[in-house]
Amino acid sequence: MRSNVITLALGAAGVALLAACGSSTSPYGAGGGGGGGGGGGGGGGGHTTSLTVGNNFFSPTPDTVTAGATVTWTWSASSNPHTVNWDTGPGALPSNSGASQTSGTYQATLTTVGTYTYHCAVHGAAMSGTLVVK
């Protein structure tokens, strides 16, 4: 009985820690602040922020991260082919994600403060996103 109580307490603590990270994988945007279905998700130096690549959407967008944060895009299980292609940013842009893919991940570390925009090469402006680096 006592080991069940300890396991339950540790599990609850783990959930609380994950919730404190502030990232979202919901296609409807979640996290702190912001209007219009997104915001939150801020990372810290060396912290990872997660974004979802779904059927014709990136989520959350816009998102705010701390300079030096690693941003990870994860393709959802039922995703059509998509890419992450950089459009604008204040400094040198990271490499694009490459050929369109239906699964897996892509990571970029953004070190220069400013606003970055990106899109899916398959869907163009209809599937685009924004990251604000602070």
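The rules behind these values
Residues numbered from 1 in each chain as written. Predicted model: local features only at pLDDT ≥ 70, side-chain atom pairs only at ≥ 80, totals over all residues. Heavy atoms only, no water. Core = buried A, V, L, I, M, F, W, Y, C linked by side-chain atoms within 4.5 Å. Buried < 20%, exposed > 50% of the residue type's maximum accessible area, 1.4 Å probe, protein only. Helix = DSSP H or I, 4+ residues; strand = E, 2+ residues; numbered from the N terminus. Contact = heavy atoms within 4.5 Å. pLDDT = per-residue confidence, 0-100. Pairing = 2+ DSSP bridges. Axes fitted to C-alpha atoms, helices over the stretch in contact; angles between N-to-C directions.

Engineer: How would you explain the nonpolar core if you had to name every residue and give the values?
Structural biologist: Core analysis: the biggest nonpolar cluster contains 19 residues, and Phe 58, Trp 73, Val 84, Trp 86, Tyr 118 and Leu 131 have the highest contact counts within it. If you list the elements that add at least two residues to this core, you get strand 1 (48–54), strand 4 (69–75), strand 6 (105–110), strand 7 (114–120) and strand 8 (124–133). Among the elements that make up this core, the one with the highest residue count is strand 4 (four residues). Not counting chain neighbours up to four residues away, the residues in contact with Tyr 118 comprise Leu 51, Phe 58, Thr 61, Trp 73, Val 84, Asn 85, Trp 86, Asp 87, Ser 128, Gly 129, Thr 130 and Leu 131.

Engineer: Residue-level account of the confidence of the model for the protein chain, with values.
Structural biologist: Parts of the prediction with low pLDDT should not have their coordinates interpreted in detail. Summarising the model, the protein chain shows a mean pLDDT of 73, and 64% of its residues fall at 70 or more. Predicted confidence in the protein chain is weakest over helix 1 (residues 2–21), with a mean pLDDT of 34, and strongest over strand 7, with 97.

Engineer: Mind laying out the sheet that holds strand 8, listing which residues take part and the relevant values?
Structural biologist: Pairing is mixed across the open sheet formed by four strands, whose spatial order is 3-8-7-5. Strand pairing shows two members of the sheet lacking a second neighbour, strand 3 (63–65) and strand 5 (85–88), which therefore form its edges. Along the sheet, successive strands turn relative to each other by an average axial angle of 35 degrees, direction set aside. Of the strand pairs in this sheet, strand 7 and strand 8 are connected by seven bridges, and their pairing is antiparallel. Across the sheet, residue Tyr 116 finds its bridge partner in strand 8, namely Leu 131.

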